[in-house]
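Below are the chains, spelled out letter by letter.
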Protein chains: 2
Amino acid sequence: MFPDEIAVLEANSAFYRAFAERDLAAMEELWAQQAPVACIHPGWDALRGRERVMRSWRGLLEGDAPRIRCTAASAHVLGPVAFVVCGERISGGPPLVATNVFVREGSRWRLCHHQAGMVAQPSEEAPPGAKA
Amino acid sequence: MFPDEIAVLEANSAFYRAFAERDLAAMEELWAQQAPVACIHPGWDALRGRERVMRSWRGLLEGDAPRIRCTAASAHVLGPVAFVVCGERISGGPPLVATNVFVREGSRWRLCHHQAGMVAQPSEEAPPGAKA
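Residues numbered from 1 in each chain as written. Chains lettered and ligands numbered in written order. Predicted model: local features only at pLDDT ≥ 70, side-chain atom pairs only at ≥ 80, totals over all residues.

**Some remarks on helix α1 (residues 3-20) of chain A**
Residue and element names in this part refer to chain A. Rules: Each helix is a run of DSSP H or I of at least 4 residues and each strand a run of E of at least 2, with the numbering of both proceeding from the N terminus. The span you would expect from a helix comes to 1.5 Å times its residue count less one. Every C-beta atom is placed from the backbone, and the number of other C-beta atoms within 10 Å of a residue's own sets its class: buried at 20 or more, exposed at 12 or fewer, partly exposed in between.
A rise of 1.5 Å per residue sets the reference length of α1, with its 18 residues, at 26 Å; its end C-alpha atoms lie 25 Å apart and thus fit the reference within 8%. Turning to α1, its buried residues number three or more, namely V8, L9, A11, N12, F15, Y16, A18 and F19. Taken from the residues just after α1, R22 is the one with a positive phi, measuring 55°.

Pasting the structure below:
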C-alpha cells in the first residue's frame, strides 16, 4: 500500500473514531477548512456548505445517533484528492455503505464529502431490478 | 460559475444522458480509463474496479432499470478532481440523491465514482433519529 493510501485510511479511521467517541472538536478538525464541503447522511437530502454540514454533525454527536463501525475500507488516491469506499455497521441496524472524499490541506487529509446509504443486499452481486 | 464547474456539470449531464438513452458506448467513454473506479448503486454493496462497475452498467442499460432525471446538481472542483452532488428523480419512484466523482484525464472529466441512495425526507432539514 502506498503512503498516501495509508494516510487516507488513517484519516478515514479518525473520522469514525470521532463519530464513535462523540468528539465534536475532532470532527470539526477533520472536515476541510478551505475546500467546498457537502454531506449526505442516510435518508437525508444533500447538505452543502461547511456550516450546514457541521451543524448536522453537532446534532448527531449531541443526539442519540447510533454507534457505527467502519468495515472493508479501500482508499482510491487521485493526486491531492482521495475517496474511500467502506461499509458501516450499526449494532442492530441495517448494513450501510459509504463514500468519503478527502482533500489534502497542508499536511492533512481532510473530509470534504460523505455519503452513506443502506445496503439492501450485502454482497457485490446486483440485486434484480436495482436502480442506479 | 468557473469553466471547470461548467465542464464538470456537462460531464455529469452526459452521464445521465447516457443512462437515459441506454448508450453503453457513451457510458464506457464516460468512466475513467486510468484512475481507480468504484460505484455504489442504490441498495447495492460497493463495486470496485472498472470491469465490475462496467458490468453493472451493462446489466442496467440492457435491463429494465428506470429512467432517471438529474436535478439540482452542484459541482465542487478540487483541482484535477471534482465531485457533483445532485438529486435523481424516477417517475413513480422515491427521490434519490447522488454523489458523482470526476477526475481529469487528458482534456476530459471522467467519472471514477458514483453513489446514489434514497431520500427518506426530501429537504435539507435533518429527519429525527437519522443516521450518519
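**Points about the pairing of strand β6 (residues 96-105) of chain B**
All names here are of chain B. To be explicit about the condition: Pairing between two strands requires that DSSP report at least two bridges joining them.
Counting buried positions along β6 gives 9 out of 10 residues, so the element sits mostly inside the fold. Examined bridge by bridge, strand β5 (residues 81-90) and β6 share 8 bridges and lie antiparallel to one another. Bridge assignment links V84 to a residue of β6, and that residue is N100. Here β5 folds back onto β6, and the loop between the two strands holds 5 residues, one of which, G92, carries a positive phi near 80°. Judged from the 10 bridges that link them, β6 and strand β7 (residues 108-118) form a sheet pairing that is antiparallel. Among the inter-strand pairings, N100 is bridged to a residue of β7, identified as H114. Between β6 and the antiparallel strand that follows it, β7, lie 2 residues; G106 among them carries a positive phi value of about 65°.

**Let's talk about the relation of the copies chain A and chain B**
Keep this limit in mind: Alignment of the copies relies on least squares applied to C-alpha atoms, considering only residues that score at least 70 for pLDDT in both. Note on contacts: each residue gets a C-beta atom placed from the backbone, and two residues are in contact if those atoms are within 7 Å.
The transform that puts chain A on chain B rotates by 180° and translates by 0.0 Å along the axis, for an RMSD of 0.0 Å. Each copy turns onto its partner about a two-fold axis. No C-alpha of chain A approaches the rotation axis more nearly than that of G117(A), which lies at 2.8 Å. When the interface residues of chain A are mapped onto chain B, 100% of them again fall at the interface, so both copies present the same face.

**Focus: the interface of chain A and chain B**
Contact with chain A, which involves 48 residues of that partner, is made by 48 residues of chain B. Broken down by secondary-structure element, the contributors of at least two residues to the side of chain A that touches chain B are β1 (38-40), β2 (47-48), α3 (50-62), β3 (68-78), β4 (81-90), β5 (96-105) and β6 (108-121) of chain A. A per-element tally of the side of chain A that touches chain B places β6(A) first, with 9 residues.

**Some points on the confidence of the model for chain A**
Just so we agree on the cut-off: Note on scores: pLDDT gives the predictor's confidence for each residue, bounded by 0 and 100.
Scored by pLDDT, chain A has a mean of 91; 91% of the residues are at 70 or more. Both confidence scores are given for the complex: pTM 0.92, ipTM 0.91.

**Comments concerning the environment of P95(B)**
Mapped onto the elements of the fold, P95(B) is located in the loop between β5 and β6. For P95(B) and W44(B), which are 51 residues apart along the polypeptide, the C-alpha to C-alpha distance reads 16 Å.

**Some remarks on the sheet that holds β5(B)**
Residue and element names in this part refer to chain B. For clarity, the threshold we go by: As a rule, the C-alpha atoms of each element are fitted with a line to give its axis, helices using only the stretch in contact, and angles between N-to-C directions run from 0 to 180 degrees.
If you trace the 6 strands from one edge of the open sheet to the other, you get β3-β1-β7-β6-β5-β4, paired in mixed fashion. The open sheet is flanked by β3 (47-48) and β4 (68-78), the only strands paired with a single partner. Sheet topology places strand β1 (residues 38-40) next to β7; 3 bridges connect them, and they run parallel. The residue of β7 that forms the bridge with C39 is H114. Here helix α1 (residues 3-20) sits on the sheet in contact with β4, β5, β6 and β7, set at roughly 150° to β4.

**Examining the nonpolar core**
The following threshold applies: The nonpolar core is taken to be a set of buried Ala, Val, Leu, Ile, Met, Phe, Trp, Tyr and Cys residues joined by way of C-beta atoms within 7 Å.
One finds A82(A), F102(A), A82(B) and F102(B) to be the most contacted residues of the largest nonpolar core, which totals 88 residues. Not counting residues up to four positions away in its chain, the partners in contact with F102(A) are V8(A), A11(A), V81(A), A82(A), W109(A), R110(A), L111(A) and C112(A).

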